[in-house]
Each structure stands twice: as C-alpha cells, then as structure tokens.
Amino acid sequence: HDDLLRNTLVAATQGLMAFMLLRQAWGPGLLERRLTGRWVLIGGAAMLFGALVCRTLFMVLASDWDPRYNVPSHVQAFTYFIVMAVVLINSMGFVLMQMERAIEQQRSLATHDALTGLYNRAALQDLLPMYGAQARRRGTPLAFLMLDIDHFKQVNDEHGHLAGDQVLKEVANRVRHGMRQSDFLARFGGEEFLAVLPATDGAGALVLAEKIRQSIEAEPVRFQEQGIAITISVGVSFGIPGESPKSLEELIAHSDQALYAAKSGGRNCVRLNSVPSQPV
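Residues numbered from 1 in each chain as written. Predicted model: local features only at pLDDT ≥ 70, side-chain atom pairs only at ≥ 80, totals over all residues. Heavy atoms only, no water.

## A look at the overall build of the protein
Line of reasoning, step 1. If you tally the helices and strands in the protein, you get eight helices and seven strands.
Line of reasoning, step 2. Across the 280 residues that make up the protein, the buried fraction comes to 41%.
Line of reasoning, step 3. Taking all contacts inside the protein whose residues are at least 6 apart in sequence as the whole, residues at least 24 apart take part in 72%.
Line of reasoning, step 4. Total accessible area on the protein stands at roughly 15,900 Å², and carbon and sulfur atoms take up 60% of it. (Helix = DSSP H or I, 4+ residues; strand = E, 2+ residues; numbered from the N terminus. Buried < 20%, exposed > 50% of the residue type's maximum accessible area, 1.4 Å probe, protein only. Contact = heavy atoms within 4.5 Å. Areas by Shrake-Rupley, 256 points an atom, 1.4 Å probe, with all protein chains shown as cover.)

Listed below in structure tokens is the structure:
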C-alpha cells in the first residue's frame, strides 16, 4: 500500500495547491467589484479544487486498489478531463481579465485627471445633473467650492514644474481628505479645483472651506527636501438648482465670482457669494 499512500499524499498536496489558487483568485480586493474574467477564474479554480478533493477522498476510501497501477484508470481519466477543462476556463478568464482591465483603465483615463487622480472636467459635466436632480428632489441646497492655489506661477518659476506638479498633487490630496464621502471633487483646470457639496448650506460650506484652507496653510509641501509654503483662496456659493441646466452653471459662476473676490481681498481667504434660497 506504499503506492496508495504516496498517491494519496500527492493528491492531497495538489488539492492544497488548488485551494491556494482559489484563495488568491478570490481574496485580493474583497471590496472591489469582481468583473466577469475574475469570476471565470474563480470558477475554474473552484472546479480544480473540488476535483482534487474528490480524488484525494477516493484514494483514502478505495478498497480495490490495484498495485500494478499508480492510479486507477477511471480516476486518471476524470482528473485529466477536469484539468483540461480548468486550463481552458482559466485561459478564458485571464484573457477576459486583461480585456476588462484595459477597458477600466481607458474609462479611468477618460474621467480622471492623470496627475492628481481627481475627477476631470468631463466627469464633472456628466455627474452635475445627478447632483442637481437630487438637490431639487430633496429640497436641499447644493454648495460649490472653487479653490485656487495662490501664486502658483511663482512656484513653477522658482522651483520648477516638477515642484508645481507635487504641489498640485499634495493640495488635491489634502482637499480630498478634508471632505465628506458624499462630496465630489474635480480638477477644474490648471491650479483650480471645484468641490460639490450635496445637502450643504452656506454656513456648512464656509466651515468646510475654512477647514481646508487652514490644512493647506498649516504645512509646507515637501519637494526634494525643501518646504514650499502654499496657500489657497476659496469661493463659495450655494442654492437649490432649478430645472434648467444653466442653473448649475450659474451656481458655479457664483463660486467663481466669490473666488475672484477672495483673490482681490488679499488671497488665502474664503469668500461667500450669497444666492437666493429658492431655485436658481
């Protein structure tokens, strides 16, 4: 029965390896959405694991073991066909995963700013109608923060464009971490960022804007072992958008006007452009 013991241990080891494959296919990114290719790969790994478990059980329970053969022919045939099926299934799964990953990357490039990782202006235009419709349906104001890095051209001139890129990334990161999960942040253009705050009135928007302004001013941006002092100016507007798409554009324009007032008022400050509480 040495052959039986040896083959039982081999089958058990193969089953353990299949389980590890299944775990690796299932485990990474548990909170991420599983696309079709990954589900196919998980199915193939599960099939292989199940087949090898059955093979191991057969080895343990077999009473008609023929010592002339390492493994009975019907078990070998079963294992062969399962392995071939798993190879085909997993090959399709890998191909689908690569295709879906490429599509996801293209979608991300189309909707995100490559430097800061924030949503870009195109994504903002796509999502704004949804925020406007939610505000109208709930009767709650929608607030906008227009943020601009003060003297950004001077940063590029004195420290170089690589330093400017680092400043943009760090400012984007601090602003994003200062916002709520329900808020939306996009790079509006150049050194300007636009934040959309659902269900937020003027007072709440001012508090958040001031918190963000202080977080930017509090600590210099580190670049090549030097600190670059940075401040931002913020324009705030809020209101319940009307049915017209232009109402959202008007609210953004109001925040831009408030930003201009902040720039004119000495920079490194927050200004509110008051708008009516009724739909704009």
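Here the narrative resumes.
## Description of unusual backbone geometry
Line of reasoning, step 1. Even without being glycine, Gln-224 reaches a positive phi, approximately 50 degrees.
Line of reasoning, step 2. Unlike most non-glycine residues, Asn-268 shows phi in positive territory, near 55 degrees.
Line of reasoning, step 3. If you trace the backbone, Asn-268 turns up in the loop between α8 (245–264) and β7 (270–273).
Line of reasoning, step 4. A relative accessible area of 22% means that Asn-268 is categorised as partly exposed.

## Some points on helix α5 (residues 152–159)
Line of reasoning, step 1. Listed as buried for α5 are Phe-152, Val-155 and Asn-156. Looking straight down α5, one finds its buried side chains confined to an arc of 95 degrees; they lie on one side. Opposite the buried face of α5, at more than 90 degrees from it, the exposed residues are Lys-153, Asp-157 and Glu-158.
Line of reasoning, step 2. Residues of α5 that are buried sit in contact with β1 (142–149), α6 (161–177) and β5 (226–228).
Line of reasoning, step 3. Gly-160 sits one or two residues past α5 and shows a positive phi near 100 degrees. (Arc of directions from axis to C-beta.)

## Here we look at the pattern of salt bridges
Line of reasoning, step 1. According to the stated counting rule, one finds eight salt bridges in the structure shown.
Line of reasoning, step 2. Ionic pairing is found between Arg-174 and Glu-170, a salt bridge with its closest N-O pair at 2.9 Å. Here Glu-170 and Arg-174 lie together in helix α6, a separation of four residues that amounts to about one turn.
Line of reasoning, step 3. On the basis of relative accessible area, Glu-170 is assigned to the partly exposed category, the value being 23%.
Line of reasoning, step 4. A single salt-bridge network, built from bridges that share partners, covers Asp-148, Asp-150 and Lys-263. (Salt bridge = Lys/Arg side-chain N within 4 Å of Asp/Glu carboxyl O.)

## A look at a nonpolar patch on the surface
Line of reasoning, step 1. Together, Leu-16, Phe-19 and Met-20 line one region of the surface with nonpolar side chains, adding up to about 310 Å² of accessible area.
Line of reasoning, step 2. One can find Phe-19 in helix α1 (residues 2–26).
Line of reasoning, step 3. On the basis of relative accessibility, which here comes to 38%, the residue Phe-19 falls in the partly exposed class. (Patch = residues over 30% accessible without salt bridge, like charges linked within 9 Å, V, L, I, M, F, W, Y side chains within 5 Å.)

## A short note on the packing of aromatic side chains
Line of reasoning, step 1. In the structure shown here, the tally under the stated rule is two aromatic pairs.
Line of reasoning, step 2. For the ring pair Tyr-119 and Phe-184, a centre distance of 4.9 Å and an interplane angle of 25 degrees mean the geometry is stacked. Note that Tyr-119 is positioned in the loop between α3 (73–111) and α4 (121–138) and Phe-184 in strand β2 (residues 184–189), a separation of 65 residues in sequence.
Line of reasoning, step 3. The exposure class assigned to Tyr-119 is partly exposed, which follows from its relative accessible area of 33%.
Line of reasoning, step 4. Residue class for Phe-184 comes out buried when judged on its relative accessible area of 4%.
Line of reasoning, step 5. With 5.9 Å between their ring centres and 55 degrees between their planes, Tyr-131 and Phe-184 make a pair best called tilted. One end of the pair, Tyr-131, is in helix α4; the other, Phe-184, is in strand β2, and 53 residues separate them in sequence.
Line of reasoning, step 6. Judged by its relative accessible area of 10%, Tyr-131 is buried. (Phe/Tyr/Trp six-rings, centres within 6.5 Å; stacked < 30°, edge-to-face > 60°.)

## Structural notes on the side chain of Asn-156
Line of reasoning, step 1. Assignment of secondary structure puts Asn-156 in helix α5.
Line of reasoning, step 2. Given the relative accessible area of 16%, Asn-156 is considered buried.
Line of reasoning, step 3. Those residues in contact with Asn-156, other than ones at most four positions away along the chain, are His-161 and Gly-164.

## Points about the confidence of the model for the protein
Line of reasoning, step 1. Chain-level pLDDT for the protein is 82 on average; 82% of the residues reach the 70-or-more range.
Line of reasoning, step 2. Between residues 276–280, whose pLDDT stays under 50, and residues either more than four places distant or in other chains, the model counts 12 contacts. (pLDDT = per-residue confidence, 0-100.)

## Here's the deal with the pairing of β2
Line of reasoning, step 1. Most of β2 sits out of view: five of its six residues are buried.
Line of reasoning, step 2. Bridging between β2 and strand β3 (residues 192–197) involves five bridges; their strand directions are antiparallel. Across the sheet, Ala-186 pairs through a bridge with Leu-194, a residue of β3.
Line of reasoning, step 3. Here β2 folds back onto β3, and the loop between the two strands holds two residues, one of which, Gly-190, carries a positive phi near 60 degrees. (Pairing = 2+ DSSP bridges.)

## Digging into the sheet that holds β2
Line of reasoning, step 1. Spatially, five strands are ordered β2-β3-β1-β6-β7 in an open sheet, and the strand pairing comes out mixed. Edge positions in the sheet fall to β2 and β7, since each of these pairs with one other strand and no more. Between one strand axis and the next, the sheet turns through 20 degrees on average, direction left out of account.
Line of reasoning, step 2. Note that β1 and strand β6 (residues 232–239) share eight bridges and pair antiparallel. Across the sheet, Asp-148 pairs through a bridge with Ser-233, a residue of β6.
Line of reasoning, step 3. Packed onto the sheet, helix α7 (residues 202–218) meets β1, β3, β6 and β7 and runs at close to 165 degrees relative to β6. (Axes fitted to C-alpha atoms, helices over the stretch in contact; angles between N-to-C directions.)

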